[in-house]
Amino acid sequence: MSYFKIAMLASGSKGNSALIKAGEVYFLVDMGLSCRELTKRLEKVGVSPDELKGVFITHEHIDHIKGLETFTKKFSVPLYSSENTWRVIVNRLKNIRRDNLYTISDEFSIGEVKITSFSIPHDATDPHGYYFTSPNGEKCTYLTDVGHITKTLKKVVQGTTSLILETNHDVDMLKTGSYPYELKRRILSTLGHLSNESAGNFLAELDVLPEQIILAHLSQENNRPELALETVKNILAKSGKEGNFLVASQGEIVGSILSADQLSIF
């Protein structure tokens, strides 16, 4: 049994939030749903917001912090992000409760779980990804909103057991789609989002694939779940590799955290 179990509560351009069960404790990465909807989806997997041991914010874009202000008023859960990100968020969300906002260090622990933050290339103030390490060395990595794969990111993902990885768009769909030119250019830039092909090539370069890979942050306009999965699998097949995949959804919970009778969701 894996130490880490994951529930993608929502993933996509309209809102992102991932629940990670580490042993017997729960962490949340990002809060891009309204507080009401987030609470509702947590309840679907049998978790109360008060049970969370920490919420980790990657960056200040609205699809990652939509429910943050209301959440801080209702719950006393510690929230973590970089100093620069908090500065932007506090300036934007004037009524956010500040006493539970904590600045991340590169590496720290909550209970027996070690949390490591790392910089990611994205057009935000100071965006970060996170990985969680168990006492026995298992590793769960959250990596979305990535314009391109750096040498640092390659090192970060090596040895990961469970990986949440962005497959935001199909390049052809994006180029021929309805988005304005400037938005297309932003998404395709080195500070934009990772394409299906780029994600597949990244995985193919890993020495060992993670035991579980969740494809995440899919664009509803410029991607399809079956296309993302097929593209990544085809690239891996060319290098003689085969992975265990789930594809996250904007509207449905996807993951590995539920009991047997809820398996269709997790």
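Just above, that's the structure.
This structure is a prediction, so every number in the text was calculated from the model and none was measured.

The rules behind these values
Sequence order as written defines the numbering, with residues in each chain counted from 1. With pLDDT at 70 or above as the cut-off, local features in this predicted model cover only qualifying residues; side-chain atom pairs require 80 or more to be listed or tallied, and sums for whole chains, interfaces and linings still use all residues. With hydrogens and water set aside, each side-chain value is computed from the structure's full complement of heavy atoms. Aromatic contacts are taken between Phe, Tyr and Trp rings whose centres are within 6.5 Å, Trp giving its six-membered ring; a plane angle under 30 degrees counts as stacked, one over 60 as edge-to-face, and the others as tilted. Elements are defined by DSSP. Helices are runs of H or I of four residues or more, strands are runs of E of two residues or more, and each kind is numbered from the N terminus. Note on exposure labels: buried denotes an accessible area under 20% of the residue type's maximum, exposed denotes more than 50%, and partly exposed covers the range between, all computed with a 1.4 Å probe on protein chains only. Paired strands are those between which DSSP finds at least two bridges. Note on geometry: axes are C-alpha line fits, over the in-contact stretch for helices, and angles between N-to-C directions span 0 to 180 degrees. Residues are treated as being in contact if the distance between any of their heavy atoms lies within 4.5 Å. We define a polar contact as two N or O atoms separated by no more than 3.5 Å, with the added condition that, inside protein, one atom must be a possible hydrogen donor and the other a possible acceptor, whereas residues neighbouring each other in sequence contribute only through side-chain atom pairs.

Chemist: Help me out: how do you make sense of the packing of aromatic side chains in this one?
Modeler: Here a ring pair, both rings aromatic, is described through the centre-centre distance and the interplanar angle of the planes. Within the structure shown, the criterion is met by 11 aromatic pairs. Arranged with centres 5.9 Å apart and planes meeting at 65 degrees, the rings of Phe-27 and Phe-56 form a pair that is edge-to-face. One end of the pair, Phe-27, is in strand β3 (residues 25-29); the other, Phe-56, is in strand β4 (residues 52-56), with 29 residues separating them in the sequence. Pair check on accessibility: Phe-27 and Phe-56 agree, each one buried. Seen in terms of ring centroids, Phe-27 and Phe-132 are 5.5 Å apart; in terms of plane orientation they differ by 20 degrees. Their pairing is stacked. Taken together, the residues span a long stretch of sequence, with Phe-27 in strand β3 and Phe-132 in strand β9 (residues 128-133) at a distance of 105 residues. The same class applies to Phe-27 and to Phe-132, which are both buried.

Chemist: Just checking my understanding: could you explain the sheet that holds strand β12 (residues 212-216) for this structure?
Modeler: Strand order in this open sheet of 7 strands is β7-β8-β9-β10-β11-β12-β13, and the pairing throughout is mixed. With partners counted over all chains shown, the strands left at the sheet margins are β7 (107-110) and β13 (245-247), one partner each. Put simply, the sheet's adjacent strands are angled 20 degrees from each other on average, direction ignored. Bridge count between strand β8 (residues 113-119) and β9: 6 bridges; the pairing is antiparallel. In the strand pairing of β9, Ile-115 is matched with Phe-132. The sheet strands contacting helix α8 (residues 196-205) are β10 (139-143), β11 (162-166), β12 and β13, and the helix crosses β11 at an angle near 150 degrees.

Chemist: Help me understand the side chain of Thr-160 in this model?
Modeler: Structurally, Thr-160 can be placed in the loop between α5 (151-157) and β11. The buried category is assigned to Thr-160, whose relative accessible area is 5%. At 2.8 Å, the side chain of Thr-160 forms a polar contact with the side chain of Thr-141. When residues no more than four places from it in sequence are discounted, the contact partners of Thr-160 are Lys-139, Thr-141, Pro-210 and Glu-211.

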